[in-house]
Amino acid sequence: MKNTIKRLLLTLGILAPGALMAQDATISTDTAIYFMAGFVLVVAVLVLVVAVIVLQVLKTIVRQEDEKKAAVQGIELPEPVSFWSRFMRKASDAVPIEEEETVLLDHNYDGIQELDNHLPPWWKWLFYMTIAFGVVYLFVYHVTDTLPLQQEEYDNQIAEAEALKAMRLKDSPKLAIDESTVQYVEDAAALASGKQVYDNNCSQCHRSDGGGSIGPNLTDEYWLHGGSIQDIFTTIKVGVPAKGMISWEPLLSPEQMQNVASYVMSMVGTNPPNPKAPQGEVYRAGEPTEEALPDSVQTVAIR
Ligand code: HEC
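Residues numbered from 1 in each chain as written. Predicted model: local features only at pLDDT ≥ 70, side-chain atom pairs only at ≥ 80, totals over all residues. Heavy atoms only, no water.

The protein has the name C-type cytochrome in an unreviewed UniProt entry, where Fulvivirga sedimenti is given as its organism.

As structure tokens, then:
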């Protein structure tokens, strides 16, 4: 069975672009169904085109016969009306210009007169269809609740995303690192990765040796937002946008933020030359800090 489908698909290769993929040893059922549907569609269109052509030819032959007969009898045949113009006449229900007199209303305002044309049927049908659609819509969405409304659709998508997130976090716990679980990582690889993140993103403001320029000195024991690994991680994650330090959460992965926070901690006490003057409070490991949170978080906490 599989082989038959495959051969069929290969033949189809001429018609359906991408069918060359079918040369692979295995074809998924989905692909096979798509190809079959495509094949059926192409055949249907071809049949339709052929039918139209045959019809056209037949019509021409019949017309020629009629013209011959009419010529013998000396009658003149009326010009054939094309399908299109007949269709347009039906769809618009327009009165031909020569017959406009029949729909002319009898009032006359300073030479402006009015025709009593019908509403175009195509427009009326569209109108009826919107009414039918409205009824079905009301029934489906508000009476039977068969399909979800916007809010429900949104909630479903959020739930789906949450489930996906939970699954991914389970797969790789490193994505779950946050300010409560962050740890000072000492291994060389993590610090090296932290240094790379620092050199690429932070050195222009904090200097590559951490001595500080636009941003504060990160090597002394004075901290504006706390010097524990949790504090530093939080500062990096949330940022201090008002002071020019952006939130790095959208740009760095939790693991990268842990690494760069650890690298920042590892720079404390390195005493680089020409450091920026100390800012903030002294922080020493184990002592609680007063200003442990960045401004942005504090304002929220106060309110
Ligand atoms: C555009 C400049 C700029 C960049 C880039 C920048 N920072 Fe900052 N950073 C600052 C400023 C300014 C402050 C001081 C905020 C304040 O005054 O509250 C700061 C504060 C900090 C603090 C808190 C210091 C303290 O005293 O509490 C840490 C930690 C920090 N930055 C780490 C980083 C890290 C890590 C990166 C790179 C991922 C980085 N910064 C990138 C400008 C920057």
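1. Some words on the coordination of the iron atom of the ligand
Around the iron atom of the ligand, the protein contributes the donor atoms His-206 (NE2) and Met-245 (SD), at 2.0 to 2.1 Å from the metal centre. Geometry at the iron atom of the ligand is octahedral, judged from its 6 donor atoms and the angles of 85 to 179° they form at the metal. Of this pair, His-206 sits in helix α7 (residues 203-206) while Met-245 is found in the loop between α8 (229-238) and α9 (254-267), placing the two residues 39 residues apart along the sequence. (Donors = N, O, S within 2.8 Å, 3.2 Å for Na, K, Ca; no water. Tetrahedral: all angles 85-135°; square planar, octahedral: opposite > 155°, others 65-115°. Helix = DSSP H or I, 4+ residues; strand = E, 2+ residues; numbered from the N terminus.)

2. Observations regarding the packing of aromatic side chains
Tallied over the entire structure, the rule returns 8 aromatic pairs. Between the aromatic rings of Trp-84 and Phe-87, the centroid separation amounts to 5.7 Å while the plane-to-plane angle is 25°, which identifies the pairing as stacked. Of this pair, Trp-84 and Phe-87 both sit in helix α3 (residues 83-92), 3 residues apart, which is roughly one turn of the helix. For Phe-87, a relative accessible area of 40% gives the class partly exposed. Aromatic side chains Trp-125 and Tyr-128 sit 5.5 Å apart centroid to centroid with 85° between the ring planes, which places their arrangement in the edge-to-face category. Here Trp-125 pairs with Tyr-128, and both are found in helix α4 (residues 121-143), just 3 residues apart, close to one helical turn. Residue class for Trp-125 comes out exposed when judged on its relative accessible area of 56%. Put simply, the rings of Trp-123, Trp-125, Phe-127 and Tyr-128 touch in pairs and so form one group of aromatic residues. (Phe/Tyr/Trp six-rings, centres within 6.5 Å; stacked < 30°, edge-to-face > 60°. Buried < 20%, exposed > 50% of the residue type's maximum accessible area, 1.4 Å probe, protein only.)

3. Let's talk about the confidence of the model for the protein
Per-residue confidence for the protein averages 86 on the pLDDT scale, and 85% of its residues sit at or above 70. The low-confidence segment residues 17-23, where pLDDT is below 50, has 10 contacts with residues more than four positions distant or belonging to other chains. (pLDDT = per-residue confidence, 0-100. Contact = heavy atoms within 4.5 Å.)

4. Notes on the side chain of Asn-217
Relative to the helices and strands, Asn-217 resides in the loop between α7 and β3 (222-223). Take Asn-217: its relative accessible area is 5%, and that puts it in the buried class. In terms of polar contacts, Asn-217 uses its side chain to reach the side chain of Thr-219, at 2.6 Å. Within the structure, the side chain of Asn-217 is placed 3.5 Å from the backbone oxygen of Lys-276, a separation counted as a polar contact. Filtering out sequence-adjacent residues up to four positions away, Asn-217 remains in contact with Gly-210, Gly-211, Gly-212, Tyr-222, Pro-275, Lys-276 and Gln-279. (Polar contact = N/O pair within 3.5 Å; in protein donor to acceptor, adjacent residues only side chain to side chain.)

5. So, the site of the ligand
The full set close to the ligand counts 21 residues, and Cys-202, Cys-205, His-206, His-225 and Met-245 are the nearest of them. One nitrogen or oxygen atom from the side chain of His-206 is found 2.8 Å from a nitrogen atom belonging to the ligand. A distance of 2.6 Å is found between an oxygen atom of the ligand and a side-chain nitrogen or oxygen belonging to His-225. Elements with a minimum of two residues in the shell around the ligand: α7 and α8. Residues of the shell around the ligand, tallied by class, amount to 13 nonpolar, 7 polar and 1 charged. (Near = heavy atom within 4 Å. Nonpolar A, V, L, I, M, F, W, Y, C, P; charged D, E, K, R; others polar.)

6. A few points about the pairing of strand β2 (residues 112-115)
Two faces make up the sheet, and in a regular strand the side chains alternate between them. Here 3 bridges tie strand β1 (residues 104-109) to β2, and the two strands are oriented antiparallel to one another. Residue pairing across strands places Tyr-109 opposite Ile-112, the latter belonging to β2. (Pairing = 2+ DSSP bridges.)

7. Structural notes on the side chain of Asn-259
Along the chain, Asn-259 falls in helix α9. Every residue in contact with Asn-259, bar those within four places of it in the chain, is listed here: Val-185, Ala-190, Ser-193 and Gly-194.

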